[in-house]
Amino acid sequence: MLLGRGRFVDDLGHPHALHLAFVRSAQACGEIRRIDVTEATAMTGVRAVFTAVDLGHTGFVAALEREEFVRTRMPLLAGDRIRFAGEPVAVVVADDPYLAEDAAELVLVETDEREPVASIDAALAGRGPVHDEAADGVLIDLPMFEDVQVDGVLEDAHLTLDRTFTSARVGAAPMEGRACLAEWDDRAEQLVLQLSTQVPHQVRTGIAEVMGLPERSVRVIAPDVGGGFGLKCVVGREEAVAALVARRLGRAVRWSEDRRENLTSSFHGHEQHYRVRIGFDAEGHIVGMDADVRCDVGAYSVYPFTCAVEPLMAVTELPGVYKVGRYSARGRAIATNKPPTAPYRGVSRPQIVLVMERLMDMAAEELGIDRIELRRRNIIQAADFPYLGPNGISYEPGSYQEALELCAAQIEKAGWQAPGSDGMLRGVGIACFSERTAYGTATMGLRKMTITPGYDVVHIRMDPSGDVVVTTGTCGHGQGHETTFAQIVADQLAVHPDRVKLRQGDTDISSYGWGTFGSRSIVIGGGAALVAAGRLATQLRDVAAEMLEIDVSDVELTDGHVQVRGAPESRVSMQQIAQTVHFRAHSLGGGHEQLLEARGEADPPGMFSNAVHAALVEIDPGTGGVRVLDYLVVEDCGVIINPMIVDGQVMGGVAQGIAAALYERMLFTEDGQPQSGTFMDYLVPTASEIPRVDIHHLETRCELSETGAKGMGEGGTIGAPAAVLNAVNNALRGYGAQLNHIPVLPEDVVATILEQQ
Ligand code: MCN
């Protein structure tokens, strides 16, 4: 990548491809009266203009098998109603992208404008509805773990806090936006769709469905993907339109989203409101909690995850690493006239950790108990494992308390408690959390999605030169799977990792797989790779034993060879074994028809990584500017496959979490107009805003995973908002700060200071 050898969708040459530009709605809400494409169609170089009518009003319906879930449809192009500003209503196909853009501006869309629903409050106040099927604006309402004792427990508690928290809508801002190149291959009778995605097979399923084709007639290929962060783990309507247009015209077509489209018209996440009541006894133990979680999920349910992902995750996992006693929660997905939300990195966990960690700090202050001590009293202890939470989740062993103690010791060591200089205010914040990773089908099944992800299958093949090719349905897009999968397989086969090549991101070469999201790849794909490699190792031992004329129990794999145990001079290389199997099979006694190939599968129940984050911030009371001076992470993701990659994931995640805490937010006006259409308005932090991150590892081997690893790809993002927000409040302790929203902006800081003066 650094040498420029990466190949992204836009790098894929195609001399005859036509270019798409989408005509997008200028209004956030309205009925479409007329779409006039005459002028655009007449432009030289324009090959076609399509509307929903031309495409047969197709769309995606993502659903849960739950009574409470309201099924809605996301049309590929808006046909009768506009549901957000930026929604695609027509597509122009032209010889070059500039012509396509110019022609798109000539398409006339006449609408009867309606008053949009641009916020949770507006939706619940009865404005709308966004979908007639959901008259009250709620797409799913989930009362969960309804413990009737909670109210009583909270009334009788020594201390009860009743607080609200909000987090702003954010975008994933991947370096590469969405992009695709679609072509109908007449000879193979197959649509070949190359696109920037995390989930090639789900894209295949979705597109085959809207095109009315069997899945074999759609091949989806993800070349290098320039970041996804959850935005690309759902199926986009623009890519589906490209597929339909390619087939319709019998021509290759391509589309690359520009930055403004990415910011305003793709998928967002994390716009949530919480009201939480939590009770403590006099010793600071949590006795009960109840929560009302409201998620602004935008205009549509995304395919295939649906809009229930955020509320479900939030209510299920809110208690986190703490023993909460009694628990009850309600989670709602609320439709608004804004772009839909996808499972953006962390999926509600940055929010629930923020809620719990702010509550712990606020309670510590009210109770007069040191904030680390209060956490110590409530955190799940080693003796509690396997711990069964009030949310019905069983937590396998982790190093929750050990991580807390190590983090506290490191804060001491780093001298963070020293006061700031030059009138600057300094604060330290910490956040403890667990991250449930690698959900298999059984756990995913609890969500009741009509399409339930979870398992993965890996195929492994040794070629005649003794090199190994591994194919997987997971689809790394910046996580270094080429390296870590090779490590796992190489370890099993005792070959150098350079001799193992990973092939991913192509639905024609791998078994059905679920791609990469939910920090699942190393546990599920990597676990399946380990199983497959183990089976291949058995075949190698069998063949070698026959070649060496010795009992199979007397051979071992080592250093690229299979050798007689204790007699290293009697050995055959992998290449010798592979050539014998492929080219001289007749010389073997039979039973080796498997040609040195195997498959492996994994479908674990899901497991929890854990971590503690700490941030040191400095605030300029004059400007309200917040700087993160230093950052500390203690994390435990089980057996670490590759420490450098894990550290990279943590650092990237922390940067994303700091961004959510201090900078990024998608703003909308009251009439649903996006205000964050460029990187001048949507503040992605640069290297100069991100501090050094000091990372310490603990390793609790996971018995639920083949490799002993637990996932961790979202962890950095999950802990950072809470750690930073606690640090900001801590820095402003002299001003009675109670900042419970993100991002915290300089004006919030200044307002807090002024209120006390
Ligand atoms: N790893 C390891 N040892 C462990 C655990 C993980 O060496 N015990 C390594 C894995 O081998 C893998 C990486 O760490 O190379 C992340 O592994 P895992 O936790 O399995 O997560 P996934 O690979 O499934 O990645 C998904 C996760 C998610 S959900 C988002 S969103 C995300 C993220 O990863 N988006 C990213 N990290 C990203 N990183 C980049 N550069 N770009 C994105 O879009």
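Quick caveat, the model's predicted, so the values are computed rather than measured.

### Remarks on the site of the ligand
For the ligand, the set of nearby residues contains 31 residues, the closest of which are Gly228, Gln479, His481, Gln649 and Met712. A distance of 3.2 Å is found between a nitrogen atom of the ligand and a backbone nitrogen or oxygen belonging to glycine 478. A distance of 2.9 Å separates an oxygen atom of the ligand from a polar atom in the backbone of asparagine 642. Summarising the interface, the protein chains cover 96% of the accessible area of the ligand, which totals 840 Å² for the free molecule. For the shell around the ligand, the secondary structure elements donating two or more residues are helix H13 (481-493), helix H14 (521-548) and helix H16 (643-662). Top element by residues in the shell around the ligand is H16. It accounts for 3 residues. Tallied by class, the residues present in the shell around the ligand amount to 11 nonpolar, 16 polar and 4 charged.

### Focus on helix H17 (residues 715-731)
In this model, H17 (17 residues) spans 25 Å end to end at C-alpha, consistent with the 24 Å of a helix rising 1.5 Å per residue. Across the 17 residues of H17, 17 count as buried, placing the element largely inside the fold.

### Things to note about the packing of aromatic side chains
In total, this model carries 10 aromatic pairs according to the counting rule given. The interplanar angle of 85 degrees and the centroid separation of 5.4 Å between the aromatic rings of phenylalanine 22 and tryptophan 255 together place this pair among those described as edge-to-face. A residue pair is termed long-range when its members are at least 10 positions apart, and phenylalanine 22 in strand E1 (residues 18-24) and tryptophan 255 in strand E15 (residues 253-256) qualify at 233 residues. Ring centres of tyrosine 512 and tryptophan 514 lie 5.3 Å apart, and the angle between their planes is 65 degrees; on these two criteria the pair is classed as edge-to-face. Taking relative accessible area as the criterion, tyrosine 512 reaches 22% and is therefore assigned partly exposed. A network of ring pairs unites the aromatic residues Tyr387, Tyr395 and Phe608 as a single cluster. Here the guanidinium or amino end of arginine 247 rests over the ring plane of tryptophan 184, the centre of that ring lying 4.3 Å away. Lying over the aromatic face of tyrosine 439, arginine 447 brings its terminal NZ or CZ to 5.3 Å of the ring centre.

### Here we look at empty space enclosed by the protein
Applying the stated rule across the entire model yields 8 cavities of 30 Å³ or more. Looking at the largest cavity, it is lined by 17 residues, and the ones nearest its centre are Glu317, Gly320, Ile352, Val353 and Ser434. Elements that contribute at least two residues to the lining of the largest cavity include exactly helix H9 (349-367) and strand E22 (425-437). Broken down by element, the lining of the largest cavity gets its largest block of residues, 5 residues, from H9. Residues belonging to the lining of the largest cavity are distributed by class as follows: 12 nonpolar, 2 polar and 3 charged.

### Points about the layout of surface pockets
One number sums up the size of the second largest pocket: a volume of about 780 Å³. Lining the second largest pocket are 30 residues; nearest its centre among them are Phe22, Arg24, Glu101, Asp258 and Glu261. Among the elements of the structure, E1, helix H2 (97-106), strand E8 (108-113), E15 and helix H7 (259-265) are those that each provide at least two residues to the lining of the second largest pocket. In terms of residues, the lining of the second largest pocket owes the most to one element, E1, which gives 6 residues. Counted by class, the lining of the second largest pocket contains 13 nonpolar, 9 polar and 8 charged residues.

Conventions we followed
- Within each chain, residues carry numbers counting from 1 in the order of the written sequence.
- Predicted model: local features are reported for residues with pLDDT of at least 70 only, side-chain atom pairs are reported and counted for 80 or more only, and whole-chain, interface and lining totals are derived from all residues.
- Excluded from the side-chain calculation are hydrogens and water; included are all heavy atoms of the structure.
- Residues are classed as near a molecule or strand on a simple rule: at least one heavy atom within 4 Å of it.
- Counting of polar contacts relies on pairs of N or O atoms within 3.5 Å, with two restrictions inside protein: one atom must be capable of donating a hydrogen and the other of accepting it, and residues adjacent in sequence are counted only when both atoms are side-chain atoms.
- Note on areas: Shrake-Rupley, 1.4 Å probe, and residue coverage restricted to the protein chains presented here.
- The secondary structure listing takes helices from DSSP runs of H or I that are at least 4 residues long and strands from runs of E that are at least 2 residues long, numbered from the N terminus.
- Only Asp, Glu, Lys and Arg are considered charged in this grouping, and only Ala, Val, Leu, Ile, Met, Phe, Trp, Tyr, Cys and Pro are considered nonpolar; every other residue, Gly among them, is considered polar.
- The span expected for a helix works out to 1.5 Å for each residue beyond the first.
- Buried, partly exposed and exposed residues are distinguished by accessible area as a fraction of the type maximum, computed with a 1.4 Å probe on protein chains only: under 20%, between the cut-offs, and over 50%, respectively.
- For this analysis, a ring pair means two rings from Phe, Tyr or Trp (six-membered ring only for Trp) whose centres lie within 6.5 Å, classed as stacked if their planes differ by under 30 degrees, edge-to-face if by over 60, and tilted for the remaining angles.
- By the criterion adopted, a ring carries a charge over it if an Arg CZ or a Lys NZ lies within 6 Å of its centre and within 35 degrees of its normal.
- Lining residues are defined by having an atom within 4 Å of a point belonging to a cavity or pocket. Those points lie on a 1 Å grid over the protein atoms alone, cavities being sets where a 1.4 Å probe fits but cannot get out and pockets being open sets with protein on both sides within 12 Å along at least five of seven lines.
- Grid points are joined across faces, edges and corners, and a volume is the space filled by probe spheres set on the points.

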